[in-house]
Amino acid sequence: MSDRYAELLMYVAPQEVQQANERWLSRILEHLGLTRRNADHLDLRSLWRAPELLLTQTCGYPLMTELHGQVQVIGRPRYELPHSSGGQHCSLLLTRDDNPRTALADFHNSRGVINGHDSNSGMNLLRERLAPLQQGGRFFAEVGISGAHRESLRWLRENRADLAAIDSVTFDYLARFAPQEVAGLRIVTRSAPSPTLPYITAPGSSEHLREAMNLALQDLPDVVQTLGVHEVLPASEADYQMLLDYQQQAEALGYPRLQ
């Protein structure tokens, strides 16, 4: 099979990031001597499970829940960005500059927004921080679901929500390339650390894939500069067990669902 699916869809904005990802993928395929199969007909979850998958990125939380044992982890990126480094990232808990609340506990009975209940950075890491502060299984007066981190940021800017947890890589990309999307917002606190989002492939794929990804980065210093990805580190599912630990800690405190 010489044509395989290769898509990097977890960080697709701003445009400079998307273009750098495309250049990286093209060079990886050149190193491997493979061609790229069109994946336009696949949604994200179908792509993750496709037997023809060569390379994509997923979130650590679905890796350990819905994808457990169904995909092969290639590695994880070592970003060197203002809020992400050494193979770790976090969520930045944000509010508007004009919100009078300062400490996280002050946001009790405020309006929360998450990108989705299956998100590690948007939900799981936020739940871990809020669990000790919830009362009777609730923290927020209401929780909206925006569908995407950029939409959650819009909700904050438009005063439709008071608090959101935003993936630190997403925030750093926007702060650099689209600063208007984070203007007027401030960081309340950071979440617990989390391994960066894993790169995955179909089970049984070549063990040389991570090597090809790193060789392609060495070929493309401008892509490294844009993406902030300096290396693809070794990784396995075991590295992401801490995300389930965060879930279990919240459940033990009486906060199984973020609400």
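Residues numbered from 1 in each chain as written. Predicted model: local features only at pLDDT ≥ 70, side-chain atom pairs only at ≥ 80, totals over all residues. Heavy atoms only, no water.

Q: I'd love a proper account of helix H5 (residues 149-157), names of residues and values included.
A: All of the buried residues along H5 are His149, Ser152, Leu153, Trp155 and Leu156. Down the axis, H5 shows its buried residues gathered within 155° of arc, on one side only. Of the residues flanking the end of H5, it is Asn159, one or two places downstream, whose phi is positive at about 60°. (Buried < 20%, exposed > 50% of the residue type's maximum accessible area, 1.4 Å probe, protein only. Helix = DSSP H or I, 4+ residues; strand = E, 2+ residues; numbered from the N terminus. Arc of directions from axis to C-beta.)

Q: Lay out the pattern of salt bridges in plain terms, naming residues and giving numbers.
A: Note that side chains of opposite charge can pair when their charged atoms are close. Inspection of the entire model under this criterion finds 21 salt bridges. Among the ionic pairs, Arg27 bridges to Glu30, the shortest N-O distance being 3.3 Å. Note that Arg27 and Glu30 are positioned in helix H1 (residues 15-32) at a spacing of three residues, about one turn of the helix. Its relative accessible area of 27% is what places Arg27 among the partly exposed residues. For Glu30, a relative accessible area of 55% translates into the label exposed. With a closest N to O distance of 3.0 Å, Asp162 and Arg111 form a salt bridge. Highlighted residues: Asp162 in the loop between H5 and strand S10 (163-167) and Arg111 in strand S8 (residues 111-114), separated in sequence by 51 residues. A relative accessible area of 5% means that Asp162 is categorised as buried. It is possible to trace a salt-bridge network through shared partners that takes in Arg96, Asp98, Arg101, Arg111 and Asp162. (Salt bridge = Lys/Arg side-chain N within 4 Å of Asp/Glu carboxyl O.)

Q: I'd like a description of the packing of H1 against helix H7 (residues 209-219), backed by residues and values.
A: Across the interface, H1 lies against H7 with an axial gap of 8 Å and an inter-helix angle of 120°. Looking at the two axes, H1 sits oblique to H7. Every pair of crossing elements has a handedness; the one defined by H1 and H7 is right-handed. Of H7, the residues touching H1 (which contributes Trp24, Arg27, Ile28, His31 and Leu32) are Leu209, Ala212, Met213, Leu215, Ala216, Leu217 and Asp219. For the contact of H1 with H7, the class distribution of residues is nine nonpolar, one polar and two charged. (Axes fitted to C-alpha atoms, helices over the stretch in contact; angles between N-to-C directions. Parallel < 35°, antiparallel > 145°, perpendicular 65-115°, else oblique. Left-handed = near helix turned anticlockwise from the far one by under 90°. Contact = heavy atoms within 4.5 Å. Nonpolar A, V, L, I, M, F, W, Y, C, P; charged D, E, K, R; others polar.)

Q: Can you lay out the sheet that holds S8 for me, pointing to particular residues and giving the numbers?
A: Here five strands make up an open sheet; going across it, the order is S9-S8-S10-S7-S11 and the pairing mixed. Looking at which strands have only one partner, the edges of the open sheet turn out to be strand S9 (142-145) and strand S11 (185-190). Averaged over all neighbouring strand pairs, the angle between strand axes comes to 30°, with direction disregarded. Relative to S9, S8 is paired through four bridges, and the arrangement is parallel. Note on S9: the bridge partner recorded for Val113 is Gly144. Along the sheet face, H5 touches strand S7 (91-96), S8, S9, S10 and S11 and points at about 150° away from the line of S10. (Pairing = 2+ DSSP bridges.)

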